Amino acid sequence: MAALTIATGTGNWFSALALGVTLLKCLLIPTYHSTDFEVHRNWLAITHSLPISQWYYEATSEWTLDYPPFFAWFEYILSHVAKYFDQEMLNVHNLNYSSSRTLLFQRFSVIFMDVLFVYAVRECCKCIDGKKVGKELTEKPKFILSVLLLWNFGLLIVDHIHFQYNGFLFGLMLLSIARLFQKRHMEGAFLFAVLLHFKHIYLYVAPAYGVYLLRSYCFTANKPDGSIRWKSFSFVRLISLGLVVFLVSALSLGPFLALNQLPQVFSRLFPFKRGLCHAYWAPNFWALYNALDKVLSVIGPRGFLRCLTLCALSSFMFGWHVHEKAILLAILPMSLLSVGKAGDASIFLILTTTGHYSLFPLLFTAPELPIKILLMLLFTIYSISSLKTLFRRSFTLVAQAGVQWHDLS
């Protein structure tokens, strides 16, 4: 609280929040880590020790490289820092290698890459409507949103206990959303295209991006009633968007196209031999197609966020072999909506409470039990109290309406 008071006086409350959560992440370094720790160590070894022509063929470990090329290059860059910590972690044959230096490097690499997430959160906060400005700092929408994102319970346990780089990836997504809100559409499209070549799970929300960019960027004018002026469609803008996607894809996949390895890359990204076509891809594609009907109604940025959340939830609910952490793809965009309207805040509270609870099985060891319970309780209590304060009158009306309906029934 003392740090927060000092930050309030100097106007650096955001830096205080970011520094506070970074210190918490450092405290979580010794905790349990999942097999994903070995997955990423193996990818460091593959990209560092082998030529690019073998990256998507190497199978010494069961944790083969199955992320898009940009993430492979990301691991390659990290590996050149990792060699100064422990050269042995970069040996492909050192399976399940986990020295203390390896642990420190991988944990700190996740913490360091979260700098992008912090920056993206700050950019998103700039896009928040400041009409609901409370007297106290803690009642301001930007402050509440910053806490909901920076201190998100799901990201903390998935990245800094379980172990992954979701903060870095969600940073790219949030930054692309911020650029769209700021009407910097080409930058937003570029960032999302880059994100897809880091992790292809974000294809789930691609329909929301595609239709929003078509509606808000390719159509340059509206009728007085807000509907599309069809004659305002700009083929030049459509081609420019397509060119951005093409150039990013060419940069990512070009080297493997030159090596005639695209089929092998795609076989890793979409493992049909494991039943993806029959039990995974079909229902997910159906979910995206179904969500597209709703996406077509996108008009403004808030509608875009709703459709993005819908796409994420559709793929989460109807997919096959969906990982628990995929719920974060819906929770984080919903955080942006939660500080805008009371109805969205109510949905966010339900989604974040149930979604975060579903992450509990990821941490199944006894020492982490009190940590995950305490962190979730703190985040949930803050979410409820802060949003209730922000929408004090709206929540009161909702509660009164509920009582009246109960009396009538």
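As a reminder, the structure under discussion sits directly above these lines.
Residues numbered from 1 in each chain as written. Predicted model: local features only at pLDDT ≥ 70, side-chain atom pairs only at ≥ 80, totals over all residues. Heavy atoms only, no water.

K.L.:
Can you break down the overall build of the protein chain residue by residue, with the values?
P.N.:
A tally of regular secondary structure across the protein chain gives 18 helices and 0 strands. Taken across its 409 residues, the protein chain has 51% of its residues classed as buried. The long-range share in the protein chain, meaning contacts at least 24 apart out of those at least 6 apart in sequence, stands at 74%. When the accessible surface of the protein chain is split by element, carbon and sulfur atoms take 68% of a total near 19800 Å². (Helix = DSSP H or I, 4+ residues; strand = E, 2+ residues; numbered from the N terminus. Buried < 20%, exposed > 50% of the residue type's maximum accessible area, 1.4 Å probe, protein only. Contact = heavy atoms within 4.5 Å. Areas by Shrake-Rupley, 256 points an atom, 1.4 Å probe, with all protein chains shown as cover.)

K.L.:
Could you give an account of the nonpolar core, with specific residues and numbers?
P.N.:
Counting 119 residues, the largest nonpolar core has Phe117, Phe170, Leu174, Ile177, Phe198, Tyr209 and Leu387 as the members making the most contacts within it. In terms of residue count, the dominant contributor to this core is helix 8 (residues 166-181) (10 residues). (Core = buried A, V, L, I, M, F, W, Y, C linked by side-chain atoms within 4.5 Å.)

K.L.:
Mind laying out a nonpolar patch on the surface, listing which residues take part and the relevant values?
P.N.:
Together, Leu214, Phe235, Leu238 and Ile239 make up an exposed nonpolar region whose accessible area comes to about 390 Å². Looking at where Phe235 falls in the secondary structure, it is placed in helix 11 (residues 235-258). Note on Phe235: relative accessible area 58%, which makes it exposed. (Patch = residues over 30% accessible without salt bridge, like charges linked within 9 Å, V, L, I, M, F, W, Y side chains within 5 Å. Salt bridge = Lys/Arg side-chain N within 4 Å of Asp/Glu carboxyl O.)

K.L.:
Let's hear about the side chain of His200: which residues, and what values?
P.N.:
Tracing the sequence through the fold places His200 in the loop between helix 9 (185-196) and helix 10 (206-218). Contact partners of His200, with chain neighbours within four places excluded, come to Asp66, Pro68, Leu269 and Phe270.

K.L.:
How would you summarise the environment of Thr309 if you had to cite specific residues and measurements?
P.N.:
Relative to the helices and strands, Thr309 is located in helix 14 (residues 301-318). Each C-alpha atom of the pair Thr309 and Leu337 lies 9.9 Å from the other, and the pair is 28 residues apart in sequence. Apart from residues lying up to four places away in sequence, Thr309 is in contact with Ala330, Pro333, Met334 and Leu337. A distance of 2.9 Å separates the side chain of Thr309 from the backbone oxygen of Leu305, its partner in a polar contact. (Polar contact = N/O pair within 3.5 Å; in protein donor to acceptor, adjacent residues only side chain to side chain.)

K.L.:
Pulling in residues and values, what's your account of unusual backbone geometry?
P.N.:
We note that Lys183 has phi near 60 degrees; this positive angle belongs to a residue other than glycine. Relative to the helices and strands, Lys183 is located in the loop between helix 8 and helix 9.

K.L.:
Tell me about the state of the cysteines, and name the residues and values.
P.N.:
Taken as a whole, this structure holds 0 disulfides when the rule is applied. No disulfide involves Cys125; its nearest neighbouring cysteine sulfur is the one of Cys124, lying 7.1 Å away. For Cys125, a relative accessible area of 5% puts it in the buried group. As a non-bridged cysteine, Cys307 has Cys311 as the owner of its nearest cysteine sulfur, 6.8 Å distant. (Disulfide = S-S within 2.5 Å.)

K.L.:
Mind laying out the packing of aromatic side chains, listing which residues take part and the relevant values?
P.N.:
Enumeration over the complete set of coordinates arrives at 30 aromatic pairs. Pairing Trp43 with Phe71 gives two aromatic rings, centres 6.1 Å apart and planes at 80 degrees, and the pair type is edge-to-face. Pair noted here: Trp43 is in helix 3 (residues 36-49) and Phe71 is in helix 4 (residues 69-82), with a separation of 28 residues, a long-range link. Here Trp43 and Phe71 have matching classes, each one buried. (Phe/Tyr/Trp six-rings, centres within 6.5 Å; stacked < 30°, edge-to-face > 60°.)

K.L.:
Report on the packing of helix 5 (residues 100-126) against helix 8, specifying residues and quantitative values.
P.N.:
In contact at an axis separation of 8 Å, helix 5 and helix 8 are set at 25 degrees when each is read in the N-to-C sense. For the element pair helix 5 / helix 8, the angle class is roughly parallel. For the element pair helix 5 and helix 8, the recorded crossing hand is left-handed. For the pair helix 5 and helix 8, the contacting residues are Met113, Asp114, Leu116, Phe117, Tyr119, Ala120, Val121, Glu123 and Cys124 in the first and Gly167, Phe168, Phe170, Gly171, Leu172, Leu174, Leu175, Ala178 and Arg179 in the second. Classifying every residue of the contact of helix 5 with helix 8 gives 13 nonpolar, 2 polar and 3 charged. (Axes fitted to C-alpha atoms, helices over the stretch in contact; angles between N-to-C directions. Parallel < 35°, antiparallel > 145°, perpendicular 65-115°, else oblique. Left-handed = near helix turned anticlockwise from the far one by under 90°. Nonpolar A, V, L, I, M, F, W, Y, C, P; charged D, E, K, R; others polar.)

K.L.:
Which residues make up the pattern of salt bridges, and what are the values?
P.N.:
Under the definition given, this model contains 9 salt bridges. Across the salt bridge formed by Arg184 and Glu187, the nearest N and O atoms sit 3.0 Å from each other. The exposure class assigned to Arg184 is partly exposed, which follows from its relative accessible area of 34%. Close ionic contact of Asp344 with Arg302 constitutes a salt bridge, the shortest N to O distance being 2.7 Å. Residue Asp344 is found in helix 16 (residues 342-357), and its partner Arg302 is found in helix 14; the two are separated by 42 residues along the sequence. Accessibility expressed as a relative area gives 26% for Arg302, which makes it partly exposed. Connected through shared salt-bridge partners, Glu123, Lys126, Arg179, Arg184 and Glu187 make up one network.

K.L.:
Run through the packing of helix 3 against helix 4, naming residues and quoting values.
P.N.:
Packing of helix 3 against helix 4 leaves a shortest axis separation of 8 Å and a crossing angle of 85 degrees. On the basis of the axis angle, helix 3 is roughly perpendicular to helix 4. Counting all contacts with helix 3, which are made through His40, Trp43, Leu44, Thr47 and His48, the residues of helix 4 involved are Phe71, Ala72, Glu75, Tyr76, Leu78, Ser79 and His80. For the contact of helix 3 with helix 4, the residue count by class is 6 nonpolar, 5 polar and 1 charged.

K.L.:
How would you summarise the side chain of His356 if you had to cite specific residues and measurements?
P.N.:
Locating His356 in the fold gives a position in helix 16. At 3.4 Å, the side chain of His356 forms a polar contact with the backbone nitrogen of Gly154.

K.L.:
Describe the environment of Phe74, listing the residues and the values that go with them.
P.N.:
Take Phe74: it is sitting in helix 4. Taking relative accessible area as the criterion, Phe74 reaches 8% and is therefore assigned buried. For the pair Phe74 and Trp43, spaced 31 residues apart in sequence, the C-alpha separation works out to 9.9 Å. Beyond its immediate stretch of four places on either side in the chain, Phe74 contacts Met113, Tyr165, Phe168 and Phe198.

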